[in-house]
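# Understanding the architecture of this molecule
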Amino acid sequence: MRGLTGKVAVVTGAAGGIGAATARRLAAEGAHVVAVDTDEDRVRQVVESLETEGTWVRADVSAEDGVAGYVTAAVDRFGRIDLHHLNAGIPGSFATLPELTVDEFDRVLAVNVRGVFLGVRAAFRQYAAQGGPGNVVITGSIGSLRGSADLLAYQTSKHAVLGILRGAAMYGGPLGIRVNAVAPGIVPTDLFAATPDVSGGKDDMSRRASSTPLRRAGTGDDVAGVVAFLLSDDAAYMTGEVVSVDGGASIVSTVRPSGGAGAWDFEAYDRALYQ
C-alpha cells in the first residue's frame, strides 16, 4: 500500500487480536511499529515477530501519563509519529442493565472512550509539534452501529468513539490529518477470552458468525488489512468514515427469512435473560 514504508505507527492494544495483527501488517508494509499494551510479555513477543524495527511500551491508555509515556517513547526511538491505530479496549461486564454497577460502567468508558480521546489528542499535538500531517484509525465495533440487551457499557463506549471520530475528522481535515474508524463484527480474540461459557461471549462466536452473509467469523488479519488501507495513501480522500468489517452482519434484515427470522428460539432466550 502506498505511503506506509518508513512511517512510524503507534498501535495500542497490540498484545493480541486485532492490535497484534495490525502491528504485523503495518510492519509487513514497511512501517516501524510502536506497540502499546499493559501485557508486557505478550506485547514484547509481538514486536520480536515484526519484519521491521519496532519497540514496545507498557502503558495504560486511560491515563494521561500512560499516553504521554508511549508518545515520548516513540519519539525518543524514531524521532516522530506518523500513524496511530487507537485499538485498545475492554468488553466489560455481561451483567444485565439493572445489575450493572457504576464502577463497571465507568471502568469500560475510561479505557474505551477516555483512552481514545487521550490518544487522538496526543496524536494531534504530536502532529502539530512535527509540523506535518498524520493519520488516525480508531477501532469501533458493530456495537457502534447496532444495539443489544447485553454489554451496555461496551456498546455505549463504542457509540461514543464515533463522536470523537467525527469531531476529530472535522478538526483535522484542514490540517491534513485524516481520522477514520473500523467497525469489526465477530472476531474471536482474547477480548472475550474471559467469557468462555457466556452466551454472547466466546462460547458461541462461531455459531453467531454463521448467520452473517459470509457465514464465518472474522480474523484479526481481516481487520488489519482494512486498518492498513485507511492509514495508507490509498485512502487519501477518506476521512470521518466508519468501515464495517463484519462479514456483512450490519446489512442483515433480521425480519426476513434470509436474515434468520424464525430461526431462533426467542422464548427460550427471553426466559433465560429476564428470569
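Quick note: structure is the one above.
Below is a short write-up of the structure.

Procedures and definitions
Residues numbered from 1 in each chain as written. Predicted model: local features only at pLDDT ≥ 70, side-chain atom pairs only at ≥ 80, totals over all residues. Heavy atoms only, no water. Phe/Tyr/Trp six-rings, centres within 6.5 Å; stacked < 30°, edge-to-face > 60°. Helix = DSSP H or I, 4+ residues; strand = E, 2+ residues; numbered from the N terminus. Buried < 20%, exposed > 50% of the residue type's maximum accessible area, 1.4 Å probe, protein only. Contact = heavy atoms within 4.5 Å. Axes fitted to C-alpha atoms, helices over the stretch in contact; angles between N-to-C directions. Parallel < 35°, antiparallel > 145°, perpendicular 65-115°, else oblique. Left-handed = near helix turned anticlockwise from the far one by under 90°. Nonpolar A, V, L, I, M, F, W, Y, C, P; charged D, E, K, R; others polar. Pairing = 2+ DSSP bridges. Salt bridge = Lys/Arg side-chain N within 4 Å of Asp/Glu carboxyl O.

### Focus on the packing of aromatic side chains
Taken as a whole and judged by the stated rule, the model has one aromatic pair. On the basis of an interplanar angle of 45° and a centroid distance of 5.8 Å, the ring pair of Phe 124 and Tyr 171 is categorised as tilted. In this pair, Phe 124 is assigned in helix α4 (residues 102–130) and Tyr 171 in helix α5 (residues 152–172), connecting sequence segments 47 residues apart.

### A word on the side chain of Asn 87
Looking at the secondary structure, you find Asn 87 in the loop between β4 (83–86) and α4. A relative accessible area of 10% means that Asn 87 is categorised as buried. Beyond its immediate chain neighbours, meaning those up to four positions away, Asn 87 contacts Thr 12, Gly 13, Ile 18, Gly 19 and Thr 139.

### Digging into the packing of helix α3 (residues 64–78) against α4
Packing of α3 against α4 leaves a shortest axis separation of 10 Å and a crossing angle of 40°. It follows from the interaxial angle that α3 and α4 lie oblique. Handedness of the crossing formed by α3 with α4: right-handed. On the side of α3, the interface is formed by Glu 64, Val 67, Tyr 70, Val 71 and Val 75, while α4 contributes Leu 118, Gly 119, Arg 121, Ala 122 and Gln 126. Within the contact of α3 with α4, the residues separate by chemical class into six nonpolar, two polar and two charged.

### Comments concerning the sheet that holds strand β1 (residues 8–12)
What the seven strands build is an open sheet, ordered β3-β2-β1-β4-β5-β6-β7; its pairing is parallel. Whereas interior strands pair on both sides, the edge strands pair on one side only; in this sheet they are β3 (54–58) and β7 (242–245). When the angles between neighbouring strand axes are averaged without regard to direction, this sheet yields 15°. Strand direction decides the pairing type here: β4 and strand β5 (residues 134–139), joined by four bridges, are parallel.

### Digging into the side chain of Ser 232
Within the secondary structure, Ser 232 is located in the loop between α7 (220–231) and β7. Its relative accessible area of 0% is what places Ser 232 among the buried residues. The residues touching Ser 232, leaving out its near neighbours within four places in the chain, are Met 1, Arg 2, Leu 4 and Arg 178.

### Focus: the pattern of salt bridges
Pairing between side chains becomes possible if they bear opposite charge and their charged atoms approach one another. Evaluated as defined, the whole model comprises ten salt bridges. In this structure, the salt-bridge partner of Asp 82 is Arg 80, at a minimum N-O distance of 2.8 Å. Residue Asp 82 is classed as buried on the basis of its relative accessible area of 7%. Classification of Arg 80 by relative accessible area gives partly exposed; the value is 33%. The partner of Arg 271 in a salt bridge is Glu 267, and the shortest N-O contact between them spans 3.9 Å. Here the residue Arg 271 and the residue Glu 267 both occupy positions in helix α8 (residues 266–274), the gap between them amounting to four residues, near one helical turn. Judged by its relative accessible area of 62%, Glu 267 is exposed. Through salt bridges with shared partners, one network takes in Glu 40, Asp 41 and Arg 44.

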